Amino acid sequence: MTLRGYELFNLITMVKPQEEKTLVLVKPDGVKRGLVGECLRRIEQRGLKIIALKMFTPTREEIKKHYPNTDKWLRGLGEKTLEHYKAHGQDPMKELGTDDTLEIGRKVSGWLEEFMISGPVVACVVQGIHAVEMVRKIVGNTLPAKADMGTIRGDYSVDSPTLANLQKRSIHNVVHASGDPDEALHEIEHWFNPQEIHPYKRAEEDIMF
Ligand code: ADP
């Protein structure tokens, strides 16, 4: 019997919930704006633990394998874009030449690839209770215009598909964080080998739990 990612995740987190793991990338815009420390500070402040960390400039091949690139994921990109256009009274046919979610997703993912290989990123593995969900909350909504204040994207980015799509580029939203446990498992394995992950005990663990 082989365990699917999600089943394996459930098994680990049932026994040791404090060992749930997720992946964070400070994107090229975050690194170039000097926001690495700020992103990591917010994660550590919450009580989540950084157990792996490195800087590198990704290759196109690596980025292609990082994102799911499935039709479902591409359609998701397209749907978020269409929702944004609807909310802002914009016509996708006029802006992008199509209103097909898959086609829009393909365009966006091409721009995203270019952006992610445009400079160094900082990757880290973050561990803690409900790490995947908590880090997504710290990071905030994909579209900075919709991100709540107090989130990294809400406090440090102001980009929008309205401008990004016009300039045929990815949205610059400072960070990436795994969207769900399956993504987290895949992304951690993709960017880190086991020797690069360093379990340790944080001083306040005895007091907090
Ligand atoms: P998240 O990064 O929040 O998990 P997605 O996986 O849906 O969100 O999107 C991946 C990345 O693609 C986003 O973080 C953003 O940088 C970029 N992106 C998403 N939608 C658009 C868009 N309409 N135009 C340009 N870039 C986009």
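Parameters at a glance
All residue numbers refer to position in the chain's written sequence, counted from 1. Side-chain atom pairs in this predicted model are given and counted only at pLDDT of 80 or more, local residue features only at pLDDT of at least 70, and totals for whole chains, interfaces and linings cover all residues. Where side-chain values are given, they derive from all heavy atoms of the structure, hydrogens and water being excluded. Labels follow the DSSP assignment, with helices taken as runs of H or I lasting at least four residues and strands as runs of E lasting at least two, numbered in each case from the N terminus. Note that the radius of gyration is over C-alpha atoms, with the globule rule given as 2.2 Å times the number of residues to the power 0.38. Here, residues are in contact when the closest pair of their heavy atoms is within 4.5 Å. Throughout, the Shrake-Rupley method with a 1.4 Å probe supplies accessible areas, and for residues the shown protein chains are the sole cover considered. A single heavy atom is enough: if one lies within 4 Å of a molecule or strand, its residue is considered near that molecule or strand. For the purposes of these results, a polar contact is taken to be a pair of N or O atoms within 3.5 Å, where, inside protein, one atom must be able to donate a hydrogen and its partner to accept one; residues adjacent in sequence count only when each atom of the pair is a side-chain atom. For patch building, the residue pool is restricted to those with more than 30% relative accessible area and no salt bridge; the joining distance is 9 Å between like charges and 5 Å between nonpolar side chains (Val, Leu, Ile, Met, Phe, Trp, Tyr). Whenever Lys or Arg places a side-chain nitrogen within 4 Å of a carboxyl oxygen from Asp or Glu, that contact is recorded as a salt bridge. A positive count includes Lys and Arg, and a negative count includes Asp and Glu. His and the chain ends are not counted in either. Lys charges are placed at NZ, Arg charges at CZ, Asp charges at CG and Glu charges at CD. Cysteine sulfur atoms that come within 2.5 Å of each other are treated as a disulfide pair. Residue burial is assigned from relative accessible area. The probe radius is 1.4 Å, only protein chains are included, and a residue is buried under 20% of its type maximum, exposed over 50%, and partly exposed in between.

Draft legend 1. Representation of the overall build of the protein chain. Scanning the protein chain from terminus to terminus reveals 12 helices and 4 strands. Computed over the C-alpha atoms, the radius of gyration of the protein chain is 18 Å, within 12% of the 17 Å expected from 2.2 N^0.38 for a compact globule of 209 residues. Counting only C-alpha atoms, the protein chain reaches 55 × 45 × 30 Å along its principal axes. Of all intrachain contacts in the protein chain linking residues separated by at least 6 positions in sequence, the fraction that spans at least 24 positions is 77%. Carbon together with sulfur atoms contributes 55% to the accessible area of the protein chain, which is approximately 11200 Å² in total.

Draft legend 2. Focus on the site of the ligand. Near the ligand you find 16 residues, and of these Lys-80, Thr-81, Thr-142, Asn-165 and Asn-173 are the closest. Here an oxygen atom of the ligand sits 2.9 Å away from a polar atom, N or O, in the side chain of Lys-27. Interatomic distance of 2.9 Å between a side-chain N/O atom of Asn-165 and a nitrogen atom of the ligand. Protein burial of the ligand: of its 540 Å² of free accessible surface, 96% is covered by the chains. Contributing elements (two or more residues each) for the shell around the ligand: helix H5 (71–87), helix H7 (101–116) and helix H10 (161–166). With 4 residues, the top contributor of residues to the shell around the ligand is H5.

Draft legend 3. Structural detail: a negative patch on the surface. Residues Asp-91, Asp-99, Asp-100 and Glu-103 make up a contiguous surface patch of negative charge. Position of Glu-103 among the secondary structure elements: in helix H7.

Draft legend 4. Spotlight on the state of the cysteines. Scanning the model with the defined rule gives 0 disulfides in all. For Cys-39, which is in no disulfide, the shortest distance to another cysteine sulfur is to Cys-124 and amounts to 8.9 Å. Using a relative accessible area of 1% as the deciding quantity, one classes Cys-39 as buried.

Draft legend 5. Main features of the pattern of salt bridges. This structure, assessed with the given rule, holds 13 salt bridges. The partner of Glu-196 in a salt bridge is Lys-54, and the shortest N-O contact between them spans 3.1 Å. Of this pair, Glu-196 sits in the loop between helix H11 (181–191) and helix H12 (205–208) while Lys-54 sits in strand E2 (residues 49–56); the two residues are 142 residues apart in sequence, bridging distant segments of the chain. On the accessibility criterion, Glu-196 (27% relative accessible area) is partly exposed. We classify Lys-54 as partly exposed; its relative accessible area is 22%. Glu-133 is the partner of Lys-137 in a salt bridge, and the nearest nitrogen-oxygen pair spans 3.7 Å.

Draft legend 6. Spatial organisation of the side chain of His-66. Here His-66 lies in helix H4 (residues 60–66). Those residues in contact with His-66 that sit more than four places away from it in its chain are Leu-23, Leu-25, His-176, His-186, Glu-187, His-190 and Trp-191.

Draft legend 7. Representation of helix H3 (residues 36–45). Within the sequence span of H3, burial applies to Glu-38, Cys-39, Leu-40, Arg-42 and Ile-43. Buried residues along H3 sit in contact with strand E1 (21–26), E2, strand E3 (121–127), helix H8 (131–139), helix H9 (152–156) and strand E4 (175–177).

Draft legend 8. Fine view of a nonpolar patch on the surface. A contiguous nonpolar surface patch, about 300 Å² in accessible area, is contributed by Ile-129, Met-208 and Phe-209. Tracing the backbone shows Phe-209 in the segment after H12.

Draft legend 9. Fine view of the environment of Ser-118. With respect to the helices and strands, Ser-118 occurs in the loop between H7 and E3. Along the sequence, Ser-118 and Thr-57 sit 61 residues apart, while their C-alpha atoms lie 7.7 Å from each other. Among residues more than four places away in sequence, those in contact with Ser-118 are Pro-28 and Lys-32.

Draft legend 10. Representation of unusual backbone geometry in the model. Phi is positive for Asn-69, close to 55°, though the residue is something other than glycine. With respect to the helices, strands and loops of the structure, Asn-69 is situated in the loop between H4 and H5. Given the relative accessible area of 30%, Asn-69 is considered partly exposed. A positive phi angle, close to 50°, is found at Lys-168, a residue other than glycine. With respect to the helices and strands, the residue Lys-168 is situated in the loop between H10 and E4.

This is a description of form; function is not addressed.
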